[in-house]
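Residues per chain are reported as follows:
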Amino acid sequence: SGYSENLYFAEDATAPSVTTQAVSSIAKTTATGNGTIVSRGVPAATQHGVCWATFENPQIPADNPSCSATTEGIPSATGVYTSNMTGLKANTKYYVRAYITNSIGPFYGEQVEFWTLPDVPQVTTYLAKSVATTTALGSGNIDNDGGSAITQHGVLWRAGADPTITTYDDI
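Only a predicted model underlies this, so the values are computations on that prediction, with no experimental measurement involved.

Reading the values: the criteria
- Residues numbered from 1 in each chain as written.
- Predicted model: local features only at pLDDT ≥ 70, side-chain atom pairs only at ≥ 80, totals over all residues.
- Heavy atoms only, no water.
- Core = buried A, V, L, I, M, F, W, Y, C linked by side-chain atoms within 4.5 Å.
- Buried < 20%, exposed > 50% of the residue type's maximum accessible area, 1.4 Å probe, protein only.
- Helix = DSSP H or I, 4+ residues; strand = E, 2+ residues; numbered from the N terminus.
- Contact = heavy atoms within 4.5 Å.
- Phe/Tyr/Trp six-rings, centres within 6.5 Å; stacked < 30°, edge-to-face > 60°.
- Lys NZ or Arg CZ within 6 Å of the ring centre and 35° of its normal.
- Salt bridge = Lys/Arg side-chain N within 4 Å of Asp/Glu carboxyl O.
- Pairing = 2+ DSSP bridges.

Caption draft 1: Structural view of the nonpolar core. Residues Val23, Val50, Trp52, Met85, Leu88, Val96 and Phe114 are the most contacted members of the largest nonpolar core, which totals 16 residues. Examining the composition of this core, we find that four residues originate from one element, strand E6 (residues 93-102), more than from any other. Among residues more than four places away in sequence, those in contact with Phe114 are Val23, Ile26, Ala31, Met85, Leu88, Thr92, Lys93, Tyr94 and Val96.

Here it is as structure tokens:
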């Protein structure tokens, strides 16, 4: 009859989805988080990355300010992605989850865990005191435990230069 009807279709909302893979390139204060975008969802995803904390089930900081997260932006496709995690503490256990968000909310992959590498203990050696013909008093200071409990300490000496725990002089 000479006119047309306007028809409106509403898309059904679908949650975006990600999976979490093992963390790689683990160092003392950095690591690489790995995720896979399985679906960008409807409405379209607005952000993705990884989130981490020293306790289980980390969330993006908007949901838990005690957590940290990367922001990789709007995902342009499905597939694997990496995120550089920085500001980590040496010799510390972390929990990580990939995440993706849209206007419905954040969605998380399963949790993985890893340990950062320990720092190297640092010591200061002081000049020997009370030096006599066959004795001397050695001393030093443990400046940094490297993130682990100190299990042994002492003073090394030898007639040659640069004593180590595996070098010694037979007397």
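So that's the structure; there's more coming.
Caption draft 2: Quick peek at the packing of aromatic side chains. Inspection of the entire model under this criterion finds one aromatic pair. Residues Tyr94 and Phe114 carry aromatic rings whose centres are separated by 5.8 Å and whose planes lie at 25 degrees to one another, so their mutual orientation is stacked. Of this pair, Tyr94 sits in strand E6 while Phe114 sits in strand E7 (residues 105-115), placing them 20 residues apart in sequence. Its relative accessible area of 6% is what places Tyr94 among the buried residues. Of note, Arg97 hangs over the ring of Tyr108, and the distance from its end group to the ring centre comes to 4.1 Å.

Caption draft 3: Inspection of the pattern of salt bridges at higher detail. Under the criterion given, the structure shown has two salt bridges. Among the salt bridges present, the one from Lys28 reaches Asp119, with a minimum N-O distance of 3.3 Å. Remark: Asp119 occurs in the loop between E7 and strand E8 (122-129) and Lys28 occurs in the loop between strand E1 (17-24) and strand E2 (31-39); sequence separation between them is 91 residues. For Glu113, the salt bridge goes to Lys93, with nearest N and O atoms at 3.2 Å. Of this pair, Glu113 sits in strand E7 while Lys93 is found in strand E6, placing the two residues 20 residues apart along the sequence.

Caption draft 4: Seen up close, the sheet that holds strand E4 (residues 68-69). Read from one edge of the open sheet, four strands run E4-E3-E6-E7, paired in antiparallel fashion. If you trace the sheet from one side to the other, it starts and ends with E4 and E7, each paired once. Sheet topology places E6 next to E7; nine bridges connect them, and they run antiparallel. Across the sheet, the residue bridging to Arg97 is Gln111, located in E7.

Caption draft 5: Highlighting the environment of Thr164. Its place among the elements puts Thr164 in the segment after strand E9 (137-144). Note on Thr164: relative accessible area 34%, which makes it partly exposed. Taking C-alpha positions, Thr164 is 53 Å from Thr78, a pair spaced 86 residues apart along the chain.

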